[in-house]
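Okay, here's what each chain looks like letter by letter:
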Amino acid sequence: MIIDNGINEETILHVWNWSFKTIKENIKEIVNAGYTWIQISPVQIRPAVACTKGLRQRKGHPHWWMLYQPINFKIGNFQLGSREEFIGMCAEAHRYGLKVMVDVILNHMANRGGGSDSNFPHETVESFIRDDINFWHERKKVENWNDRWQVTHWCIGLPDLNTSNHMLQDMIIDFLNDVIECGADGLRFDAAKHIELPEDPGGSDFWPRVIQSLKNKEILFLYGEVLQCGASNYEKYTKYMRLSAEGYSYAIRRSVGYKAEKNINNAKEYQVPYGVNGSNLVTWVESHDDYASDIEKSFALSEWQIKMGWAIIAARSESIPLFFNRPKGKMWLEGTMGEAGNDFWKSSEIVAINKFRLKMKGEKENIITLGNNLMIIERGNKGVIMINIGQRYHINIYTSLKDGMYKDKISEKVFYVRDGQLNGTVEEGKISIIYHEVDEDFIAEDIYYLRDNKVFFTNPLRWNKPRVYIYKEVNHKAIELSQWPGREMYREGENIYSYPIEDYWSSGRVIFTNGISQIPEFAKEGLLILKNK
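Residues numbered from 1 in each chain as written. Predicted model: local features only at pLDDT ≥ 70, side-chain atom pairs only at ≥ 80, totals over all residues. Heavy atoms only, no water.

A. Molecular detail of the overall build of the chain. Assigned secondary structure in the chain consists of twelve helices and 26 strands. Its C-alpha atoms give the chain principal-axis dimensions of roughly 95 × 45 × 40 Å. Here the chain, with 533 residues, has 56% of them falling under the buried criterion. Taking the contacts inside the chain whose residues are at least 6 apart along the sequence as the reference set, 69% of them involve residues at least 24 apart. For the chain, the distance from the average position of its 65 positive side-chain charges to the average position of its 70 negative side-chain charges is 3 Å. (Helix = DSSP H or I, 4+ residues; strand = E, 2+ residues; numbered from the N terminus. Buried < 20%, exposed > 50% of the residue type's maximum accessible area, 1.4 Å probe, protein only. Contact = heavy atoms within 4.5 Å. Lys, Arg positive; Asp, Glu negative; His and termini not counted. Charge placed at Lys NZ, Arg CZ, Asp CG, Glu CD.)

Structural data, given as structure tokens:
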């Protein structure tokens, strides 16, 4: 599903550890929040031992990793739900136009314990897989992560499947096609880096053979977890799938001041090898591995940092952003398997960012940074998002936006474009989003109004001494209350100004000005006064 023009409007919500039932109950809200995809946790069956302990251990998040230790290639598990519930969830998602991405585990199976036992399959792994020596790589743990042979043929703390074996490949193909037939629109390949490419030492035809055998392969969304450290052969995977952008996630977190000094310029480059571009990437501020890692790589991120990072990645035109839904609670890994996480994914500012992305469909990006704290991402001539991680900043830059007035979708402040120059203020540590040119209906409701024979003006551009010019058309001739630039208005309160008029002028038109700028802009008709009566 690579888009030819390199512009994407897709947005993924990672519903980490949500059950199929929970997902189904929240689909409408997910769509309303501006997401076009969900990524669900692995659907394969887990070792039964995971279901025999107390509630917190059995279903609590400390055992989230059990979902990444399957015992076969079949759908349905205790934590997420049955095959039938999976089918029902997918059908409900499609009813609302939401697409489903399934995380699949193809590189390894569940292990039988720690230490050297981690290289051997768990006793509950299906016997026809567990007992066939041809289905397994060497029982050795990777020692040199810069050795591509070891990375693809030895174990990563879990028993490594011999993915070059065609009988095993056929099982995997059948499983993936079953997932697709049940309703999946995309696949995320866990540990894809550890499955060999044809050109690798000891390479195989796994990727070309498996992917060519998938149903709906022309329209499937495929991406792989290919971590960029060590011997990854990162760029070679783009022939088969999009890729996780681990290096960019580090850059995003640093840019918003996580374990580093804030510098938004760190977020400009994707941090990928030559030949890989944004349309090859799925990006995030944090992934489930970042959050749930034993070393807690991203746990201490604040919601402000997540929000600012999300604004950057979701506003970009080529890559596809993924929003990770953290578990509920303030403690690390607090929460219960199967339940929805916290509500930050649907907070008002996150939703505003998502809707900006949807509105910018088909528009290329232009990134501008002003110093180290302000990033402006312009999308064609349709919209602009301004991300300020520092002090209050007054914007005065050239833009492709059409001349006019634009209302910030978050703060409701007004930005003004005249002669291709964008003016307005982004507050400290805030995001501003503009993409809709204000029309007369908006101005009538929010900028001025008529009450008690007074024209009131809310002065959105914070002029020092606003004036009002009032006129009306009589027999195709303009009659003025006073000559341009009109009369100085009276201050009624903070940024509220008024001017008294007689009934005769209530059928006229008004133009507000400070003698330099004006509302509406130059060469447009004045605003009807009666419209506000």
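B. The state of the cysteines, seen in detail. What the rule picks out here adds up to zero disulfides. Of all cysteine sulfurs in the structure, the one in Cys90 sits closest to Cys182, which takes part in no disulfide; the separation is 7.3 Å. Assessed through its relative accessible area of 7%, Cys182 is described here as buried. Of all cysteine sulfurs in the structure, the one in Cys155 sits closest to Cys229, which takes part in no disulfide; the separation is 18 Å. (Disulfide = S-S within 2.5 Å.)

C. Just the environment of Gly81, in detail. You can see Gly81 is positioned in the loop between helix H2 (55-59) and helix H3 (83-95). Using a relative accessible area of 10% as the deciding quantity, one classes Gly81 as buried. Sequence spacing of Gly81 and Val43 is 38 residues, and the spatial spacing of their C-alpha atoms is 8.2 Å. Other than its neighbours up to four places away in sequence, Gly81 contacts Phe20 and Gly76.

D. Inspection of the nonpolar core at higher detail. Membership of the largest hydrophobic core comes to 117 residues, with the highest contact counts inside it found for Ile40, Phe86 and Trp207. Ranked by residue count, the leading element in this core is helix H10 (residues 303-315), at eight residues. Grouped together as the second largest cluster of nonpolar side chains are 21 residues, Trp463, Ile501, Ile519 and Leu527 included. (Core = buried A, V, L, I, M, F, W, Y, C linked by side-chain atoms within 4.5 Å.)

E. Layout of the packing of aromatic side chains. Under the definition given, this model contains 27 aromatic pairs. Ring plane angle 65° and centroid distance 6.0 Å describe the contact between Trp18 and Trp345, whose orientation is recorded as edge-to-face. Separated by 327 residues along the polypeptide, Trp18 in the loop between strand E1 (12-15) and helix H1 (20-32) and Trp345 in the loop between strand E8 (320-324) and helix H11 (348-359) bring together distant segments of the chain. Centre to centre, the rings of Tyr469 and Trp484 are 5.3 Å apart; their planes meet at 75°, and the pair counts as edge-to-face. Placement of the pair is Tyr469 in strand E19 (residues 467-474) and Trp484 in the loop between strand E20 (477-480) and strand E21 (487-488), with a sequence separation of 15 residues. Chaining the aromatic ring pairs together yields one cluster made of Trp16, Trp64, Tyr68, Tyr291, Phe299 and Phe324. The lysine or arginine in question, Arg253, covers the ring of Tyr250, its NZ or CZ lying 4.8 Å from the ring centre. (Phe/Tyr/Trp six-rings, centres within 6.5 Å; stacked < 30°, edge-to-face > 60°. Lys NZ or Arg CZ within 6 Å of the ring centre and 35° of its normal.)

F. Highlighting the pairing of strand E15 (residues 421-426). Of all the six residues making up E15, five are buried; the element is thus mostly covered by neighbouring parts of the structure. Bridging between strand E12 (residues 393-398) and E15 involves six bridges; their strand directions are antiparallel. Along E15, the bridge assignment pairs Tyr393 with Val426. Summarising the sheet, strand E14 (residues 414-418) and E15 pair through three bridges and their orientation is antiparallel. Paired with Arg418 across the bridge in E15 is Gln421. (Pairing = 2+ DSSP bridges.)

G. Representation of the sheet that holds strand E2 (residues 37-40) in the model. Reading around the circumference, E1-E2-E3-E4-E5-E6-E7-E8 is the order of the eight strands in this closed barrel, with parallel pairing throughout. Across the sheet, the mean angle from the axis of one strand to that of its neighbour is 25°, orientation sign disregarded. Sheet topology places strand E3 (residues 99-104) next to strand E4 (residues 186-189); four bridges connect them, and they run parallel. Looking at E4, one finds that Met101 is bridged to Gly186. The strands touched by H3 are E2 and E3; relative to E3, the strand with the most contacts, the crossing angle is about 145°. Against the sheet, H10 makes contact with E1, strand E7 (281-284) and E8, and its axis sits at roughly 160° relative to E8, the strand it touches most. (Axes fitted to C-alpha atoms, helices over the stretch in contact; angles between N-to-C directions.)

H. Highlighting the packing of H1 against H3. For the pair H1 and H3, the least separation of the axes is 9 Å and the interaxial angle reads 15°. Comparing their axes, H3 and H1 come out roughly parallel. For the pair H1 and H3, the crossing hand works out as left-handed. Where H1 abuts H3, its residues Phe20, Ile23, Lys24 and Ile27 lie against Glu85, Phe86, Gly88, Met89, Glu92 and Ala93. Across the contact of H1 with H3, the residue classes break down as six nonpolar, one polar and three charged. (Parallel < 35°, antiparallel > 145°, perpendicular 65-115°, else oblique. Left-handed = near helix turned anticlockwise from the far one by under 90°. Nonpolar A, V, L, I, M, F, W, Y, C, P; charged D, E, K, R; others polar.)

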